[in-house]
Amino acid sequence: MGDSKNAKKAGAMKERIEDALLRGTAWFVAILLAFTLAQPSFASDSKKKKKNEPQKPVSVLDKIDVSKIVWPQPPNITRIRYLNYFAGEKLPDFGAKAAKSKSSWMDRLAGTPTDKGDDGLRNHFLMGEPHGMAVDSAGKLYVADAKVGVIFIIDTDTHDTQMIRNGKDASFAMIVGLAIDDTDRLFVSDAAAHRILVFGANHKAEAVIKEGLVTPAGMAIDIENRFLYVADIDLDQVMVYDADTFKLLRKIGTTGKKHTLSTPGDFAKPTGVAVDQDGNLYVADTLNARIEEFDADGVFIRAFGKRGDGPGYFAMPKGVAIDCDGHVWVTDSMQNRVQVYSPEGQLLIYMGTAQGILPGMFSGLQYITIDKNNRVFTSEVFPGRVQEFRYVTQEEAQQEFERREAEKKNKSAGDKPSSAGQAATPAAPEKPQAKGDFEPAKESAVK
């Protein structure tokens, strides 16, 4: 009997609830209101919930005041500034992803299909082994990644990224070097495929260069003389092609000696190449720990560099680039250091005193390139990233020097004694500026 009565009561209660749900009676609403008022912690917990909501991940690198990362250190006049770094595609908005996942239970309750592949990093391309770099006329940065098999095309302002992908847009085996000419035509050296692929400004492959190549690496284009220079690691030579017809014109260096030659004009695993404004060619002669310079006809001019592990020495020079003032920038993969030299080989300044991943430090340093806006880019394989710096030109440094000198004179004039018998201390004479001198004044000299 008791069970029967309980069953009847339960049935009646169920009918009343169903009736309230169907009709929306005030009785059911009152129950809900009472229940809500009986839970004061719901309102008080709203702030806690906001605090507990997933936040966009913040890297320790993003907390560093990069405006203070300069070379040389103040009060010297700055000649190099750290700007940014790139490690692959632009990261997803994790905050938006978290907000979407929070409301997804409502979608499931309503029967709305959900995206099972909603993983922000599942198909995200990150750099693995970035090597050669180049910059097009629009200022976009191109990075060849040998491990990922992708050429990243990065808008350095927004971090938006396009890609030329292996198996989809082209066929890559192990891409190493990049070069871009004055028409935004892209040259890509593929060391394992023994060739250079040529892409138009639309990123569509349009030609292949194979003649004379074994293991092509770094490349450089002489826009004025229309030369394409290619360093071939296994041949111990630099190949010179017509940049328009792609015909092999000549070879620099002696091949067939298995990386044993160190005579002037020869190489042992040359890796990086660069061209200055006068058409002179600079080659990173990696195993010989030196930089060699040639004129536009391939005639040897000079070499500089000695084997060692400190500033002013090379252990494994790999990348080379020339800035607008003619200075020679060299990356050393073993020292993890960027060194800047005069064309004659005098060390002027350097970055990187210890291996690391903080801004301005290097790990697995590879190549270097400098664009027309004086931006300097370096690639590293161990953290898989590219760092961006800004070279302060000779003219800009001279202007800063003159501004400081004028400021000193004005201050000296303001401190002039009122007594006629006292003479003001004369301002120090301005140091004459030597053309091409990296340091515009004593205060910015490298110590």
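For the structure itself, look to the data block above.
Because the structure is predicted, anything quoted here is derived from the model rather than measured. Along each chain, the written sequence defines residue order, and numbers are assigned to residues from 1. In view of the model being predicted, local features appear only for residues whose pLDDT reaches at least 70, and side-chain atom pairs are presented and counted only at 80 or more, with totals across whole chains, interfaces and linings using the full set of residues. Note that water and hydrogens are dropped before the side-chain values are worked out from all heavy atoms of the structure.

> So what exactly am I meant to see when it comes to the environment of aspartate 155 here?
Numbering of helices and strands runs from the N terminus, with a helix taken as a DSSP run of H or I at least four residues long and a strand as a DSSP run of E at least two residues long. Note on placement: aspartate 155 falls in the loop between strand E5 (150–154) and strand E6 (161–165). Burial status follows relative accessibility: with a 1.4 Å probe on protein chains alone, a residue under 20% of its type maximum counts as buried, one over 50% as exposed, and anything between as partly exposed. A residue is classified by how much of its surface remains accessible, and aspartate 155, at 25% relative accessible area, is partly exposed. Sequence separation between aspartate 155 and alanine 138 is 17 residues; the distance between their C-alpha atoms is 9.1 Å.

> Would you explain the layout of surface pockets in this entry?
To locate leftover empty space, one rolls a probe as large as a water molecule over the atoms. The calculated volume of the largest pocket comes to roughly 1,200 Å³. Cavities and pockets were defined on a 1 Å grid built from protein atoms only: a cavity is a group of points that admits a 1.4 Å probe but offers it no way out, a pocket is an open group of points flanked by protein on both sides within 12 Å along at least five of seven lines, and a lining residue is one with an atom within 4 Å of any such point. Surrounding the largest pocket, 44 residues form its lining, Ile180, Ile221, Val275, Ile370 and Asp371 being those nearest its centre. When residues of the lining of the largest pocket are traced back to their parent elements, those giving at least two are strand E3 (130–135), strand E7 (175–180), strand E11 (216–222), strand E15 (270–275), strand E19 (317–322) and strand E23 (365–370). Per element, the largest residue contribution to the lining of the largest pocket is 5 residues, and it comes from E11. Grid points are joined across faces, edges and corners, and a volume is the space filled by probe spheres set on the points.

> Which parts of the structure should I look at to understand the environment of arginine 250?
As for its position among the elements, arginine 250 is in strand E14 (residues 248–252). The sequence separation of arginine 250 and methionine 239 amounts to 11 residues, and the corresponding C-alpha distance is 6.3 Å. The contact rule is simple, with two residues in contact once any of their heavy atoms fall within 4.5 Å. Other than its neighbours up to four places away in sequence, arginine 250 contacts Phe227, Tyr229, Val238, Met239, Val240, Ala296, Asp297 and Gly298. Polar side-chain contacts of arginine 250 include one of 2.5 Å to the backbone oxygen of alanine 296. N or O atoms closer than or at 3.5 Å make up a polar contact, with two conditions inside protein: a donor-capable atom paired with an acceptor-capable one, and, for residues adjacent in sequence, both atoms drawn from side chains.

> Hey, could you run me through the sheet that holds strand E16 (residues 281–285) in this one?
Note on sheets: strands pair through backbone hydrogen bonds, and any given pair is parallel or antiparallel. At least two DSSP bridges between two strands are needed for those strands to be called paired. Taken together, 4 strands build an open sheet; the order of strands is E15-E16-E17-E18 and the sheet is antiparallel. Of all strands in the sheet, those bounded by a partner on one side alone are E15 and strand E18 (300–304). The mean inter-strand angle of the sheet, taken between neighbouring strand axes irrespective of direction, is 20°. Here strand E17 (residues 290–294) runs beside E18; their pairing, made up of 4 bridges, is antiparallel. Across the sheet, residue glutamate 292 finds its bridge partner in E18, namely alanine 303. What counts as an axis is a line fitted to C-alpha atoms, over the stretch in contact for a helix, and the angles between N-to-C directions run from 0 to 180 degrees.

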